Amino acid sequence: MRKSISAVLAGAILAGLAATSVPANAQTLRIGIHRALIGSWEVIADKKGYWKEEGLDYTTQNFAQGKLMRNAIIQGNLDTGTTGFGPYVTAISKGAKVEAVGVTMNICGTQGVFVPVNSPAKTVKDLKGKTIATKTGTSVDFAFKQYVLPRHGLKVSDMKWLSVNTTQRVATIVAGQAQGAIIGDPQAEIAVQKGLVRRLEDFCAYDNTRMMHIANPTTYKQHPELYEKYFRGWLKAHQLLQKDPEEFARVYTKWLNEVGDKTSYAIILPVVKRIRSQPFITAEVTAYLNDMADKQVKLGWIKKHPDFTKVTMINDKSLRTAAKEMGIDVRTAE
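Keep in mind that what you see is a predicted model, and the values were worked out from it rather than measured.

Details of the packing of aromatic side chains
Centre distance and the angle of the planes are the two values used to describe a pair of aromatic rings.
Here is step 1: Across all of its chains, the model carries 14 aromatic pairs by this definition.
Here is step 2: A centroid spacing of 4.9 Å and a plane angle of 80° characterise the contact between Y220 and Y227, whose relative ring orientation is edge-to-face.
Here is step 3: The exposure class assigned to Y220 is buried, which follows from its relative accessible area of 6%.
Here is step 4: Taking the centre distance of 5.2 Å and the plane angle of 75° together, the rings of Y230 and F231 count as edge-to-face.

Dropping the structure here:
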């Protein structure tokens, strides 16, 4: 599996070197939206017209996995999106050009270990020897294998693994192809309410699992004003969640139904209330990246890694500029 991860990333890096990394129209920002809860900020900013209010010219594209957005940015086909800390660390350590520009959210409470509703399993330890659906190399996959399993006295080799995208994992369990899965909201909560799966636990007791907001470094350098407009709209979505989670949930529910995740407002409202907004790149974040990189070296995913407290591909200046312009106290927000 390590070889396949390296091959995919190597292909993306080579394609990125061949690409110009600049949009055909440099005044149009190409935005990636994650199909999981991680993409809710973009959905709200788009559907509520926040980016239009800021005068941003943009296009959007939906993605089933953060790693796909990372690869699209490396290849020059996307300007901003989100990926896990794990895929970001791997990419930078292998020389890929993708800039960290913010923290999308802390997802420890919105990601969990799930089993079929009639499974006899009561704890993660009961999954020993079973097939688990995840996506190899993602942050939640990394957190489960490196932080959760050891706390239950388990090793990676104690399970069988099935690598599938976020939006496919509920179906994988229902079809009997896996006896457990790492599933994130809103797909997880929708499946629970339908009586398809049962949650064993979330990740918060083990890890502060987060998602990295990323950007095309060429566009980010040449057009910082696009990202400042983008982040003003993005932060308005954060403010809406704080002030009116009911409206946030209504808009997000409508979009989920539009893209095929059939659900209801009553299901989504408690889901969005579990979101933890922590947007800025802090010293604690860069220390976490170094710890994750150390573990990836031991796993053989990467040979060595840079000091993430000094990496030039980490720069949340546009986010902080936008926050200050909106009167958000960056010090208290961290």
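A few points about the pairing of strand β3 (residues 80–84)
Here is step 1: Burial analysis of β3 places five of its five residues in the buried class, the great majority of the element.
Here is step 2: Burial along β3 is two-sided: the face carrying T80, T82 and G84 and the face carrying G81 and T83 are both buried.
Here is step 3: Strand direction decides the pairing type here: β3 and strand β10 (residues 210–215), joined by five bridges, are antiparallel. Bridging across to β10, G84 finds its partner in M211.

Some points on the state of the cysteines
Here is step 1: Enumeration over the complete set of coordinates arrives at one disulfide.
Here is step 2: Disulfide pairing is shown between C108 and C204; the S-S distance is 2.1 Å. What sets the handedness of the C108 and C204 disulfide is the S-S torsion sign, and at about 85° it is right-handed. Of the two residues, C108 sits in the loop between β4 (99–106) and β5 (111–116) while C204 sits in the loop between β9 (197–202) and β10, which places them 96 residues apart along the sequence.
Here is step 3: Accessibility expressed as a relative area gives 0% for C108, which makes it buried.

Considerations on the pattern of salt bridges
Here is step 1: Evaluation of the coordinates by the stated rule reveals 16 salt bridges.
Here is step 2: One salt bridge connects E54 with K236, and the closest N-O pair in it is separated by 2.8 Å. A residue pair is termed long-range when its members are at least 10 positions apart, and E54 in the loop between α3 (50–53) and β2 (58–63) and K236 in helix α10 (residues 224–243) qualify at 182 residues.
Here is step 3: Close ionic contact of E247 with R250 constitutes a salt bridge, the shortest N to O distance being 3.2 Å. Of this pair, E247 and R250 both sit in helix α11 (residues 245–258), three residues apart, roughly one helical turn.
Here is step 4: Each of E53, E54, R232, K236 and E325 takes part in one network of salt bridges that share partners.

A closer look at the environment of L127
Here is step 1: Structurally, L127 can be placed in the loop between β5 and β6 (131–134).
Here is step 2: Residue L127 is classed as buried on the basis of its relative accessible area of 1%.
Here is step 3: Separated by 47 residues in sequence, L127 and V174 have C-alpha atoms that sit 16 Å apart.
Here is step 4: Not counting chain neighbours up to four residues away, the residues in contact with L127 comprise V113, V115, A121, I132, M159, Q179 and L200.

Things to note about the sheet that holds β6
Here is step 1: If you trace the five strands from one edge of the open sheet to the other, you get β7-β6-β8-β5-β9, paired in mixed fashion. Here the strands that pair on one side only, and so sit at the sheet edges, are β7 (160–163) and β9. Ignoring which end each strand starts from, the neighbouring axes of this sheet average 30° apart.
Here is step 2: Relative to β9, β5 runs antiparallel, the two sharing five bridges. Residue pairing in the sheet places V115 in a bridge with R198 of β9.
Here is step 3: Relative to β7, helix α6 (residues 139–151) is tilted by about 160°, and along the sheet it contacts β5, β6, β7 and β8 (180–184).

Parameters at a glance
Residues numbered from 1 in each chain as written. Predicted model: local features only at pLDDT ≥ 70, side-chain atom pairs only at ≥ 80, totals over all residues. Heavy atoms only, no water. Phe/Tyr/Trp six-rings, centres within 6.5 Å; stacked < 30°, edge-to-face > 60°. Buried < 20%, exposed > 50% of the residue type's maximum accessible area, 1.4 Å probe, protein only. Helix = DSSP H or I, 4+ residues; strand = E, 2+ residues; numbered from the N terminus. Pairing = 2+ DSSP bridges. Disulfide = S-S within 2.5 Å. Salt bridge = Lys/Arg side-chain N within 4 Å of Asp/Glu carboxyl O. Contact = heavy atoms within 4.5 Å. Axes fitted to C-alpha atoms, helices over the stretch in contact; angles between N-to-C directions.

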